[in-house]
2 protein chains.
Amino acid sequence: MSLPPSPGPAPAPTPAPGPVRPGDRAQVALRPAESARVTGGFWHERRRVNAEVSIPEGPALLDSAGNLHNLRLAARTATGEYRGELPFLDTDVTKWLEAACWQLAETDWKEDFAQAEDVDRIIRLLADAQQDDGYLQSYYQVVRPGLRFVELRWGHELYCAGHLIQAAVAHHRATGREDLLTVARRFADHIDDTFGPGRPVDGICGHAEIETALVELYRETGERRYLDLAGYFIDRHGHGLLNEGDAHGVAPGPAYCQDHVPVREAETVTGHAVRQLYLLAGATDVAAETGEPELRAAMERLWEAMTTTKTHLTGGLGAHHAWEDFGDPYELPNERAYCETCSAIASVQWSWRMALLTGEARYSDLIERTLFNGFLAGVSLDGLRWLYVNPLQVRDGYEYHGGDNGSRRALWFTCACCPPNVMRLLASLPHYLASTDTDGLQLHQYATGSYGGLTDGGRVAVGVDTDYPWQGRIAVTVDEAGPGEWTLSLRVPQWCEQYTLEIGATPAEQVPEDGWLRIRRTWRPGDTVVLNLGMEPRLTRADPRVDAVRDCVAVERGPLVHCLEQVDQPGAPGLDDIVLDPTTGLTVKHRPDLLGGVTTVVGSGRLRARPAGQGWWPYRTTRDTGRDGADTPADTPVELTAIPYYAWANRENGGMRVWLPTS
Amino acid sequence: MSLPPSPGPAPAPTPAPGPVRPGDRAQVALRPAESARVTGGFWHERRRVNAEVSIPEGPALLDSAGNLHNLRLAARTATGEYRGELPFLDTDVTKWLEAACWQLAETDWKEDFAQAEDVDRIIRLLADAQQDDGYLQSYYQVVRPGLRFVELRWGHELYCAGHLIQAAVAHHRATGREDLLTVARRFADHIDDTFGPGRPVDGICGHAEIETALVELYRETGERRYLDLAGYFIDRHGHGLLNEGDAHGVAPGPAYCQDHVPVREAETVTGHAVRQLYLLAGATDVAAETGEPELRAAMERLWEAMTTTKTHLTGGLGAHHAWEDFGDPYELPNERAYCETCSAIASVQWSWRMALLTGEARYSDLIERTLFNGFLAGVSLDGLRWLYVNPLQVRDGYEYHGGDNGSRRALWFTCACCPPNVMRLLASLPHYLASTDTDGLQLHQYATGSYGGLTDGGRVAVGVDTDYPWQGRIAVTVDEAGPGEWTLSLRVPQWCEQYTLEIGATPAEQVPEDGWLRIRRTWRPGDTVVLNLGMEPRLTRADPRVDAVRDCVAVERGPLVHCLEQVDQPGAPGLDDIVLDPTTGLTVKHRPDLLGGVTTVVGSGRLRARPAGQGWWPYRTTRDTGRDGADTPADTPVELTAIPYYAWANRENGGMRVWLPTS
């Protein structure tokens with residue numbers, strides 16, 4: 001099918017379009033703020049680079065990498081070979097499209113958003129590529145025709161549909177236009193005709209993603225069958241439908257696709273991290289819409305199992321390079337932390353759905369940690385270079401031999417899932433910062449801007465002014481006060497040891513309940529609340545079961561995890577021999593010149609002298625050589641400068657480490 | 001081609017057939033002992049199980065796994081689909097064949113060796129499957145005809161040829177028969193016609209192996225061109241001949257196949273561990289035959305880089321599951337140690353070639369450590385179950401979801417490279433124990449048996465009687481004394497802190513030179529030397545750059561690395577919370593009832609109490625929660641029983657750890 005080339009003027013979009021919009025009858029504690037706008041400070045600058053550099057670069061990259069060419073092959077408007085070998089290359093396009101749509105929805109960029117034409121062009125391409133029955137995936141159309149919905153374990157067809165649907169929902173919410181939504185619905189309808197009880201195929205996709213997309217399509221269209229289909233896909237995990245390919249043991253087992261146990265019975269997060277997290281985001285959406293207690297309880301249990309035993313300090317998830325797997329409890333390696341950028345994004349998406357479902361602050365605690373650390377490291381400061389994996393250590397002697405998964409930034413990837421995923425999260429970031437309920441407004445994250453929405457008493461709105469995360473001062477001004485009493489809730493971050501609160505310039509002694517400072521009163525426009533979070537740098541230790549960091553500390557300040565990079569340590573030729581002295585103090589220095597302006601933390605330590613005459617065997621008996629394995633010459637004192645982890649890998653290559661030995 | 005079904009009687013084999021037989025003009029310091037026979041003790045029992053259980057099980061497993069079927073397809077004596085998806089399935093057959101041949105060569109099993117018929121049958125099958133021009137690999141003959149020697153990076157054709165050649169050399173040395181050697185030579189000649197300067201293909205195999213095989217074929221046949229071809233393949237590594245497949249970044253880079261740098265210029269071992277080690281074994285063979293100093297120097301440099309920075313305490317090699325890669329210097333994880341059984345075998349093969357080339361004891365130090373630990377763990381005590389990877393830790397909560405590479409034993413693997421590789425090393429083990437030079441006899445490893453060979457003064461031989469590694473007493477009796485003075489050299493293991501020596505019941509004060517106790521005199525039959533190695537258990541620490549084991553110790557005794565297994569710790573519900581107290585003593589207890597008879601080491605420690613109220617986040621600030629991250633209730637004292645690592649995973653499943661925290 002094809003669409004008219006120039007759609008008419010778009011109706012005015014709903015305020016603050018965002019990826020999650022619980023239905024009217026959804027059983028959620030909170031709803032995303034109706035208006036959320038970031039106008040200055042830390043995230044504004046990162047979003048500016050995303051909007052002005054990363055997203056504009058997208059179409060050319062998708063062209064040169066072949067993604068658009070493949071869709072043209074499917075549309076029969078181009079000839080040649082399918083480019084690349086991965087079946088899900090269409091999703092790089094639809095994720096970019098989603099990112100561009102969220103950007104398009106923002107007044108800051110809307111007027112002269114140069115990608116508006118690209119958006120239209122690519123939507124037309126997708127419509128042209130779609131088959132008459134609604135099917136749309138270039139790989140199976142071009143490379144493996146006739147094998148539609150046969151190779152579910154690896155084919156990624158429903159995964160592709162999911163990202164198409166999410167892009168279409170974004171486009172509809174941003175512009176009010178129906179063209180991409182029509183394409184998505186036609187594909188969704190085809191899938192609904194194909195899968196489910198009494199339909200030709202009883203199956204699930206090897207990569208979860210369609211579940212959360214279908215729930216949002218239900219929310220956007222009101223078509224209940226999309227929600228039912230999402231529920232079907234959730235329910236059919238864990239019944240061995242994806243056994244194909246498992247006969248040969250070099251493939252991963254069914255846990256890779258979360259097909260080893262039904263979702264409601266799972267005790268921990270397992271298998272491919274992004275697959276697992278997208279699945280749980282979808283299951284949480286279903287729980288929100290259906291109110292099913294068992295599914296909600298499973299979500300809470302799995303989230304806690306994940307954070308307690310399988311989350312890196314940076315919020316990064318996924319311990320294994322092999323099969324991009326979560327790994328065992330407390331197995332949290334440093335140099336081989338996988339921590340795919342996409343899994344950080346998926347974690348934010350799932351946790352936000354949990355925050356809305358439950359109203360609990362801890363989910364936004366994890367979102368904050370992930371956004372500032374494990375997620376943001378995925379894109380360079382200039383918005384042009386990317387990390388697929390986000391290790392917590394790069395060793396002296398590290399050799400990069402190419403490929404997507406090295407500890408070096410690349411301009412793009414063969415499997416380029418991460419860059420457009422970063423783009424869409426940054427473009428939709430305001431959506432994750434604030435919420436409302438019948439009783440008031442909740443600020444989950446702190447970024448200069450304005451946030452508002454409807455409570456039982458009417459519309460309320462606040463402005464936030466802050467230099468967070470460099471400073472702990474968060475000034476909130478009531479802009480729209482509504483008629484009666486309501487509660488302004490401020491999250492006191494889990495990392496925060498001390499804070500002060502002023503309400504109308506008067507110190508207030510209020511303690512948080514479950515992470516929320518809930519300030520209830522009749523507000524007037526101009527009323528102010530100032531939350532001052534203590535930003536003393538701190539040393540952090542891990543649960544002793546995290547073997548990888550035994551006898552180590554990490555430097556943190558506010559929500560930021562810090563790290564040493566070789567380039568900042570003039571006194572040390574390498575980081576493998578660094579020891580931090582945890583008993584001397586840490587000092588803080590803001591460096592506007594460095595890495596776009598960062599606050600560094602400086603500590604004292606020493607460079608461990610290498611024992612002489614170690615020979616060829618690096619293991620020593622304790623008896624004859626002392627505690628550290630050999631007679632040790634004198635160590636050299638060194639000053640150690642730690643930068644925020646998100647800013648690493650933006651200068652010359654070298655060692656890096658988050659966790660620092662203390663003896 | 002096909003052979004007559006019943007070959008005539010075989011000529012008497014050369015004594016002590018073994019896989020490495022340097023040529024007459026090879027520039028080696030040592031040569032394998034002409035006779036080497038293990039008749040009792042530790043290795044005799046392991047070899048008995050290999051000969052009586054593992055090897056006899058082989059043909060049925062190769063039948064049920066499809067390997068023999070695939071060869072029958074190639075021979076056109078069967079019909080159906082090629083079974084399995086791997087191109088190198090023939091090598092499971094040829095490695096088993098090599099193992100059976102070494103066994104066949106031993107008088108202990110020769111007379112009624114039930115596999116003699118299987119050997120003949122499989123040799124006929126290989127001959128039938130061979131094409132008229134000498135080519136022989138079932139995968140390319142059946143699955144991808146017409147693509148011969150095109151897909152060198154992944155096709156494993158020369159790798160398959162290498163194992164065929166090694167089996168043929170074994171068969172010839174064991175039986176004197178020419179039938180399999182003829183098959184191998186025809187394939188080798190075809191390869192020689194195809195590869196090299198002025199030939200159709202300038203290329204190398206993605207998996208090294210043929211190099212060492214061709215040198216041995218040269219040694220066996222005297223055909224110089226096989227040595228030249230081996231040298232060509234060595235020299236052509238590092239010139240980007242295997243770039244195919246690297247265009248898509250999800251494949252590993254050229255270092256995976258050691259195609260990133262010429263062998264002589266490499267500074268460290270890199271990439272796929274088994275590929276790297278087989279390549280270096282071949283390069284060492286070439287250096288031995290050509291005497292080229294540059295190649296020898298590269299081998300010494302690379303061996304030292306490997307042992308100093310990339311070797312696990314068990315001798316295991318390969319830190320990454322992903323791409324079975326060596327990893328970075330000092331990156332030696334525990335739970336994710338790959339340490340493929342095949343890489344331990346390859347390490348023994350390479351180090352033995354280095355020992356012969358240089359005469360240095362350190363190579364046999366590593367062989368001993370590898371044999372008793374990283375290698376032997378690869379096969380269960382009953383000879384029926386296998387480990388592909390050999391981790392140094394299994395966590396509480398470890399979940400095995402199937403596949404070859406889990407921390408659980410399997411009866412066979414989809415990629416079954418390891419089991420027949422174990423079989424061939426155990427079957428040829430006596431070959432690795434002793435050597436001679438013009439001046440005398442060297443005992444590299446200690447196993448009850450008899451060892452002898454030719455020196456300048458004539459034939460010498462000794463008998464060894466020992467209960468090593470349970471006891472440190474090694475009694476050597478001269479059986480054949482030769483006419484004049486000669487040197488009996490005994491290796492003092494690198495782990496050994498103290499020993500005593502008696503020559504003819506008289507204490508002798510002799511110190512080792514570079515690891516060798518060299519005792520030179522005129523010997524008479526019946527003369528005795530008793531070496532008593534101190535077997536006190538010891539605690540071992542790693543170089544502090546090995547981050548994975550910071551603040552940990554390992555228990556060792558003699559050549560054995562020990563480990564805790566959950567089943568032996570009745571006082572602890574899991575091993576993640578175990579702490580060893582390194583200040584209390586270790587006691588030793590021989591347990592003839594346990595695991596076929598092992599000496600255990602018992603120490604004292606405690607079970608770390610879990611801090612209360614940790615909540616959902618496993619990281620804590622040092623300031624408010626004390627050094628270990630939380631207020632700690634009282635720990636529970638526990639007795640800890642460590643078994644030899646090689647014997648782990650022979651009982652019920654549970655946690656395991658080699659490295660034990662001390663605080």
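Everything numeric here is computed off the predicted structure, so don't read it as measured data.

Q: What exactly am I supposed to notice about the relation of the copies chain A and chain B here?
A: In this arrangement, two copies of a chain are superimposed by a rotation about an axis accompanied by a shift along the axis. Once chain A has been moved 0.0 Å along the axis and rotated by 180 degrees, it coincides with chain B to within an RMSD of 0.0 Å. Here the transformation between the copies is reduced to the relation of a two-fold axis. Comparing interface residues between copies, 100% of those in chain A also sit at the interface in chain B, which points to an isologous, same-surface contact.

Q: Whenever I open this one, the domain arrangement of chain A confuses me. Can you help?
A: Accessible area lost when the parts come together is the quantity often used to give the size of an interface. All names here are of chain A. Examined at the domain level, chain A breaks down into domain 1 (1-27 + 41-247), domain 2 (272-394), domain 3 (438-533) and domain 4 (538-661). Domain 2 and domain 3 are separated by 27 Å when their C-alpha centres are compared. Counting residues at the interface gives eleven residues for domain 2, matched by twelve residues for domain 3. Interface area for domain 2 against domain 3, summed over the two sides, is near 880 Å², with a carbon-plus-sulfur share of 51%. Of all residues in domain 2, A361, D365 and E368 give up the largest surface area on contact with domain 3, accounting jointly for 50% of the area buried on that side. Where domain 2 meets domain 3, there are two salt bridges. Between E368 and R491 there is a salt bridge, with the nearest N and O atoms lying 3.2 Å from each other. At the boundary of domain 2 and domain 3, one finds eight residue pairs in polar contact (both at pLDDT 80 or more). Every element with two or more residues in the side of domain 2 that touches domain 3 is listed here: α14 (341-358) and α15 (362-375). If one sorts the elements of the side of domain 2 that touches domain 3 by residue count, α15 sits on top with six residues.

Q: Would you mind showing me how to read the packing of α14 of chain A against helix α16 (residues 418-427) of chain A here?
A: Two packed helices can be described by the angle between their axes and the distance between those axes. Residue and element names in this part refer to chain A. Their axes nearest at 9 Å, the elements α14 and α16 cross at an angle of 30 degrees. Between α14 and α16, the angle falls in the class roughly parallel. The two elements α14 and α16 cross, and the hand of that crossing is left-handed. In contact with T341, C342, I345, V348 and Q349 of α14, α16 contributes C418, N421, V422, R424 and L425. A class-by-class count of the residues in the contact of α14 with α16 yields six nonpolar, three polar and one charged.

Q: Any chance you could explain the sheet that holds strand β9 (residues 485-491) of chain B here in plain terms?
A: Backbone hydrogen bonds hold the strands of a sheet together, and the pairing may be parallel or antiparallel. Residues and elements named next belong to chain B. On the basis of which strands lie adjacent, the open sheet formed by five strands has the order β1-β4-β5-β9-β12 and mixed pairing. Single-partner strands in this sheet number two, and they are β1 (31-32) and β12 (516-522). One ladder, built from seven bridges, connects β9 with β12; its direction is antiparallel. By the bridge assignment, R491 is partnered in β12 with W516.

Q: Help me understand the side chain of T314 of chain B, please; the structure alone is not making it clear to me.
A: Residue and element names in this part refer to chain B. With respect to the helices, strands and loops of the structure, T314 is situated in the loop between α13 (293-309) and α14 (341-358). Look at T314 and you get buried, because its relative accessible area is 1%. For T314, the side chain forms a polar contact with the main-chain nitrogen of G316, separated by 3.1 Å.

Q: Looking at this structure, I do not really get the interface of chain A and chain B. What am I missing?
A: Of the residues lining the interface, 81 residues belong to chain A; the matching set on chain B comes to 81 residues. Both faces combined, the contact of chain A with chain B buries some 7,100 Å², and carbon together with sulfur accounts for 52% of it. Connecting chain A to chain B are four salt bridges. Among the salt bridges present, the one from D547 of chain A reaches R395 of chain B, with a minimum N-O distance of 3.0 Å. Where chain A touches chain B, the interface holds 28 residue pairs in polar contact (both at pLDDT 80 or more). Taken together, the elements giving at least two residues each to the side of chain A that touches chain B come down to α13 (293-309), α15, β14 (538-542), β15 (552-557), β20 (619-621), α17 (622-625) and β23 (659-661) of chain A. No other element matches the five residues that β14 of chain A contributes to the side of chain A that touches chain B. Each residue belonging to the side of chain A that touches chain B can be placed in one class, and the counts come to 26 nonpolar, 23 polar and 32 charged. Across three bridges, the pairing between β20 of chain A and strand β14 (residues 538-542) of chain B is antiparallel.

Q: Please explain the sheet that holds strand β5 (residues 440-443) of chain A as it appears in this structure.
A: Residues and elements named next belong to chain A. Strand order in the open sheet made by the five strands is β1-β4-β5-β9-β12, with mixed pairing throughout. Among the strands making up the open sheet, the edge pair consists of β1 (31-32) and β12 (516-522). The pairing of strand β4 (residues 434-437) with β5 spans four bridges and is antiparallel. Looking at the pairing, T436 lines up with L441 of β5.

Q: Which parts of the structure should I look at to understand the pairing of strand β7 (residues 458-466) of chain A?
A: Residue and element names in this part refer to chain A. In this structure, strand β6 (residues 449-455) lies alongside β7, joined through seven bridges in antiparallel fashion. Residue pairing across strands places G453 opposite V460, the latter belonging to β7. A loop of two residues connects β6 with β7, the two strands running antiparallel in sequence. The pairing of β7 with strand β8 (residues 473-480) spans six bridges and is classified as antiparallel. Bridge assignment links D465 to a residue of β8, and that residue is A475. Connecting the antiparallel pair β7 and β8 is a turn made up of six residues.

Q: What is the right way to read the confidence of the model for chain A from this model?
A: Regions with low pLDDT should not have their predicted coordinates read in detail. Residue and element names in this part refer to chain A. Here chain A averages 93 in pLDDT, while 94% of its residues score no lower than 70. This stretch, residues 625-630, has a pLDDT under 50; its non-local contacts, to residues over four places away or in other chains, come to eleven contacts. Interface confidence for the predicted complex, expressed as ipTM, amounts to 0.92; the pTM equals 0.94.

Q: Quick question: what am I supposed to make of helix α5 (residues 116-129) of chain B here?
A: Structurally, the α-helix is built with 3.6 residues per turn, so residues lying three or four positions apart point the same way. Residue and element names in this part refer to chain B. Look at α5: 20 Å from first C-alpha to last across 14 residues, which is about the 20 Å you get at 1.5 Å a residue. For α5, the set of buried residues is D118, V119, D120, I122, I123, L125, L126, A127 and A129. Tucked into the core, α5 has its buried residues touching α1 (41-64), α2 (67-75), α3 (90-104), α6 (138-142), α8 (157-175) and α9 (179-194).

Q: How should the packing of helix α12 (residues 273-290) of chain A against α13 of chain A be read in this particular structure?
A: Residue and element names in this part refer to chain A. Look at α12 against α13: their axes get within 9 Å of each other, and the N-to-C directions meet at 145 degrees. Where α12 crosses over α13, the handedness of that crossing is left-handed. Where α12 abuts α13, its residues L277, L280, A283, T284, V286 and A287 lie against L295, R296, M299, L302 and M306. Taken together, the residues that form the contact of α12 with α13 break down as nine nonpolar, one polar and one charged.

Q: Before we go on, may I ask you to explain the pattern of salt bridges in this structure?
A: Between side chains of opposite charge, pairing is possible as soon as their charged atoms come close. According to the stated counting rule, one finds 96 salt bridges over all chains in the structure shown. In this structure, R224 of chain A engages D228 of chain A in a salt bridge whose closest nitrogen and oxygen atoms are separated by 3.0 Å. Within this pair, R224 of chain A and its partner D228 of chain A are both found in helix α11 (residues 224-236), separated by four residues, close to a single helical turn. Using a relative accessible area of 41% as the deciding quantity, one classes D228 of chain A as partly exposed. Close ionic contact of R225 of chain B with E223 of chain B constitutes a salt bridge, the shortest N to O distance being 3.3 Å.

So, how was this worked out
Residues numbered from 1 in each chain as written. Chains lettered and ligands numbered in written order. Predicted model: local features only at pLDDT ≥ 70, side-chain atom pairs only at ≥ 80, totals over all residues. Heavy atoms only, no water. Least-squares fit on C-alpha atoms with pLDDT ≥ 70 in both. Contact = heavy atoms within 4.5 Å. Domains from an automatic or database assignment. Buried area = accessible area lost by both parts, 1.4 Å probe. Salt bridge = Lys/Arg side-chain N within 4 Å of Asp/Glu carboxyl O. Polar contact = N/O pair within 3.5 Å; in protein donor to acceptor, adjacent residues only side chain to side chain. Helix = DSSP H or I, 4+ residues; strand = E, 2+ residues; numbered from the N terminus. Axes fitted to C-alpha atoms, helices over the stretch in contact; angles between N-to-C directions. Parallel < 35°, antiparallel > 145°, perpendicular 65-115°, else oblique. Left-handed = near helix turned anticlockwise from the far one by under 90°. Nonpolar A, V, L, I, M, F, W, Y, C, P; charged D, E, K, R; others polar. Pairing = 2+ DSSP bridges. Buried < 20%, exposed > 50% of the residue type's maximum accessible area, 1.4 Å probe, protein only. pLDDT = per-residue confidence, 0-100. Expected span 1.5 Å × (residues − 1).

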